[in-house]
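Here is how the chains run, residue by residue.
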Amino acid sequence: MGEGVEPIYVDLASESDDPHVTIIESLCLRCQEMGTTRLLMTRIPHFREVILTSFDCSHCGHHNTGFQPGRVQELGVRYELAIKEARDLSRQVVKSDHATFSIPEVELEIPGDGEKGEVTTVEGIIRRTIEGLNQDQSARRLINPEVAEQIEIFMDKLTSLLSLEEPFTIVVDDTTGNSFVENPFAPKPDPELKKKNYRRTAEQNAALGLQEVESELTAVQEAEEEEEEEKEEGEGNGEGEGEEGKEEEEEEKEDIKNEVLSFSTLCDRCSKPVETKMKVTQIPYFQEVIIMATHCESCGNRTNEVKSGSGIHEKGKKISLRITDPTDLARDVLKTETCTVEIPELDLYIGSGILGGKFTTLEGLVTDIREDLKSNPFLSGDSSQSERRALMEKLTDDLTSVINGELLVTITMDDPAGNSYLQNVYAPDDDPEMTVEEYERTFDQNETLGLNDMKTENYEEETVESKAVVA
């Protein structure tokens, strides 16, 4: 079943003979003649599915490119990059049509609602801005010379940025979470690049056309009312009926834990309807987790994801294991989407959002890291530099040696949410090769987890007060 069905989104580095390019005729806005638009739905590794567009007009030579993301992400994203060297100007930037691009040093801000999405570089954005400002300069000099002179001075400032007379900073802020700034040091962290994910406000969700979620106050009130009704019903029944109700409730909870639940969704590769299976399971000496798995019979795509069943812990957790025997690779691992992975001997650092949540073994985790590095064209493909390709080849070879048990290393998992897990084969005794450290989260870590703005006490009073102020 599903033979011959091709996925809608093809990998960026795909070797498929048919790249699924759609060609349509469209009107050229410059000369009003008919040009050609090409559409390519592709998947960028370490990013997501996007739709690339390219327009060409054979009449006037006009050409432009752009991109549209496949969907709005759960969180917004903000990148802040310090430009200090010439190579920083060549960093690739994926900028959606909702992203705001700014350079604080020259007070430049390009709002998202006025620009279409594009895949370009830092230099490309600055040069296109200069070209846009210079487009009507001849008319301005005749109509309003003062404004034309001010724009000329501003263009000189932008031109000086390209010569790197002084370092400057770029900021890309995207409420849809679909923008991206290249890290040339990957898989290691970039000391000059700061990335922050954030939860959108109600106004930002409304601007994106997203349905607002019911307010916390209303949800809490309904929950309290239901709880009171259940208590009243329980008090009205006899003691025997109350005990029977408790037993039935416990049995229902146990059935949910033992049952595999299914719900309908869409395949993230071919967009065909699929069934996602979900199971609540208990990890010994740890906690409950939720495992979700999807298998698409149309294109054969398989995905799995793991979610914590206990929320965010009071403290973060850092787990380090020194591998002393190849059998250590068979240990179970739960890596949540907030967990980073580090192998100091290989100078390897994997950020929290790269691999997502996984429940696998150490061998499976290292294998996933290796395959993820191999599939990234920005690191090892034609678009990468020869030095970086050589570095990636050596790194993937070293990871292969780790998988084969030929190279013994230390693996460190750092999860600010405290929900990641590495099997202790000596449990309930301590593991001599493994250290588990709990720590207090920093302000930035709490900000990333959305805890700084979370109010769990006296929130009703604050909501009532805010309503009174508005009234």
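Attention in this report is confined to the structure presented alongside it. (Residues numbered from 1 in each chain as written. Predicted model: local features only at pLDDT ≥ 70, side-chain atom pairs only at ≥ 80, totals over all residues. Heavy atoms only, no water.)

## Structural notes on the overall build of the chain
- Scanning the chain from terminus to terminus reveals 11 helices and 25 strands.
- Counting over 471 residues, the chain shows a buried share of 35%.
- Per element, the accessible surface of the chain, about 28300 Å² overall, is 47% carbon and sulfur. (Helix = DSSP H or I, 4+ residues; strand = E, 2+ residues; numbered from the N terminus. Buried < 20%, exposed > 50% of the residue type's maximum accessible area, 1.4 Å probe, protein only. Areas by Shrake-Rupley, 256 points an atom, 1.4 Å probe, with all protein chains shown as cover.)

## With respect to the nonpolar core
- Counting 28 residues, the largest nonpolar core has Ile-103, Ile-126, Phe-168 and Ile-170 as the members making the most contacts within it.
- Considering every element that reaches this core, the biggest residue donor is helix H3 (residues 145-162), with five residues.
- For Ile-103, the contacting residues outside a window of four places in its chain are Leu-108, Ile-126, Leu-161, Phe-168, Thr-169 and Ile-170. (Core = buried A, V, L, I, M, F, W, Y, C linked by side-chain atoms within 4.5 Å. Contact = heavy atoms within 4.5 Å.)

## Details of the sheet that holds strand E6 (residues 76-83)
- If you trace the five strands from one edge of the open sheet to the other, you get E9-E8-E11-E6-E13, paired in antiparallel fashion. This sheet does not close on itself; its edge strands, each paired only once, are strand E9 (108-110) and strand E13 (193-198). Here the strands of the sheet are splayed against their neighbours by 10 degrees on average, with no regard to which way each runs.
- Taken together, the seven bridges between E6 and strand E11 (residues 168-174) define a ladder with antiparallel strand orientation. Following the sheet pairing, Ala-82 is matched in E11 by Thr-169.
- Running over the sheet, helix H1 (residues 122-134) touches E6, strand E8 (99-103), E9 and E11 and is turned about 95 degrees from E9. (Pairing = 2+ DSSP bridges. Axes fitted to C-alpha atoms, helices over the stretch in contact; angles between N-to-C directions.)

## Examining the side chain of Asn-183
- Relative to the helices and strands, Asn-183 is located in the loop between strand E12 (180-181) and E13.
- Apart from residues no more than four positions distant in its own chain, Asn-183 is found in contact with Arg-91, Lys-188, Pro-189, Asp-190 and Leu-193.

## So, the packing of helix H7 (residues 362-374) against helix H9 (residues 386-403)
- H9 packs onto H7 with a crossing angle of 160 degrees between their chain directions and a minimal axis gap of 10 Å. Taken together, the axes of H7 and H9 are roughly antiparallel relative to one another. Helix-helix and strand crossings are classified by hand; for H7 and H9 the assignment is left-handed. For the pair H7 and H9, the contacting residues are Glu-363, Val-366, Thr-367, Ile-369, Arg-370, Leu-373 and Lys-374 in the first and Met-392, Leu-395, Thr-396, Leu-399, Thr-400, Val-402 and Ile-403 in the second.
- In terms of residue class, the contact of H7 with H9 is built from eight nonpolar, three polar and three charged. (Parallel < 35°, antiparallel > 145°, perpendicular 65-115°, else oblique. Left-handed = near helix turned anticlockwise from the far one by under 90°. Nonpolar A, V, L, I, M, F, W, Y, C, P; charged D, E, K, R; others polar.)

## Examining the pairing of strand E10 (residues 118-121)
- Of the two faces of E10, only one is covered, namely that formed by Glu-118 and Thr-120; the face formed by Val-119 and Thr-121 stays uncovered.
- One ladder, built from four bridges, connects strand E7 (residues 92-95) with E10; its direction is antiparallel. The residue bridging Lys-95 from the neighbouring strand is Glu-118, located in E10.

## A word on the sheet that holds strand E22 (residues 358-361)
- In space, the three strands of this open sheet follow the order E22-E19-E24, with antiparallel pairing throughout. Pairing within the sheet leaves two strands with one partner each, and these edge strands are E22 and strand E24 (421-422).
- Across two bridges, strand E19 (residues 332-335) lies against E24 in antiparallel orientation. Paired with Leu-334 across the bridge in E24 is Tyr-421.

## Some words on H9
- If you check H9, its first and last C-alpha atoms are 26 Å apart, about what 18 residues at 1.5 Å a residue would give, namely 26 Å.
- Within the span of H9, buried status applies to Arg-388, Met-392, Leu-395, Thr-396, Asp-398, Leu-399, Ser-401, Val-402 and Ile-403.
- Two residues or fewer past H9, Gly-405 is found with a positive phi of approximately 80 degrees. (Expected span 1.5 Å × (residues − 1).)

## A few points about a nonpolar patch on the surface
- A cluster of nonpolar residues, Leu-27, Leu-29 and Met-34, forms a patch on the protein surface that exposes about 320 Å² of accessible area.
- As for its placement among the helices and strands, Leu-29 is situated in the loop between strand E2 (21-27) and strand E3 (34-43).
- Judged by its relative accessible area of 71%, Leu-29 falls in the exposed class. (Patch = residues over 30% accessible without salt bridge, like charges linked within 9 Å, V, L, I, M, F, W, Y side chains within 5 Å. Salt bridge = Lys/Arg side-chain N within 4 Å of Asp/Glu carboxyl O.)

## Some remarks on H1
- End to end, H1 covers 19 Å across 13 residues, agreeing with the expected 18 Å (1.5 Å per residue, within 8%).
- Within the span of H1, buried status applies to Val-122, Ile-125, Ile-126, Thr-129 and Ile-130. Each buried residue of H1 lies within a common arc of 135 degrees when the element is viewed along its axis, so the set occupies one face. (Arc of directions from axis to C-beta.)

## Description of the environment of Thr-37
- By the element assignment, Thr-37 lies in strand E3.
- On the basis of relative accessible area, Thr-37 is assigned to the buried category, the value being 13%.
- Residues Thr-37 and Asp-56 lie 19 residues apart in sequence; the distance between their C-alpha atoms is 6.6 Å.
- Apart from the residues lying within four places of it in its own chain, the contact partners of Thr-37 are Thr-22, Ile-23, Ile-24, Ser-26, Ser-54 and Phe-55.
- A polar contact of 2.5 Å, which involves the side chain of Thr-37, links it to the side chain of Ser-26. (Polar contact = N/O pair within 3.5 Å; in protein donor to acceptor, adjacent residues only side chain to side chain.)

## Regarding the state of the cysteines
- Evaluated as defined, the whole model comprises zero disulfides.
- Cys-60 supplies the cysteine sulfur nearest to Cys-28, a cysteine that is in no disulfide, at a spacing of 3.7 Å.
- Assessed through its relative accessible area of 0%, Cys-28 is described here as buried. (Disulfide = S-S within 2.5 Å.)

## Some details on the pairing of E19
- Where E19 lies against E22, four bridges are found, and the strand directions are antiparallel. Bridging across to E22, Leu-334 finds its partner in Phe-359.

## Considering unusual backbone geometry
- For the bond from Ala-427 to Pro-428, the omega torsion is 10 degrees, close enough to zero to count as cis.
- If you trace the backbone, Pro-428 turns up in the loop between E24 and strand E25 (434-439).
- Despite not being glycine, Glu-107 shows a phi value in the positive range, around 55 degrees.
- One can find Glu-107 in the loop between E8 and E9.
- Glu-107 gets classed as exposed once you look at its relative accessible area, which sits at 74%.
- Positive phi is not limited to glycine here, since Leu-164 has a value of about 55 degrees.

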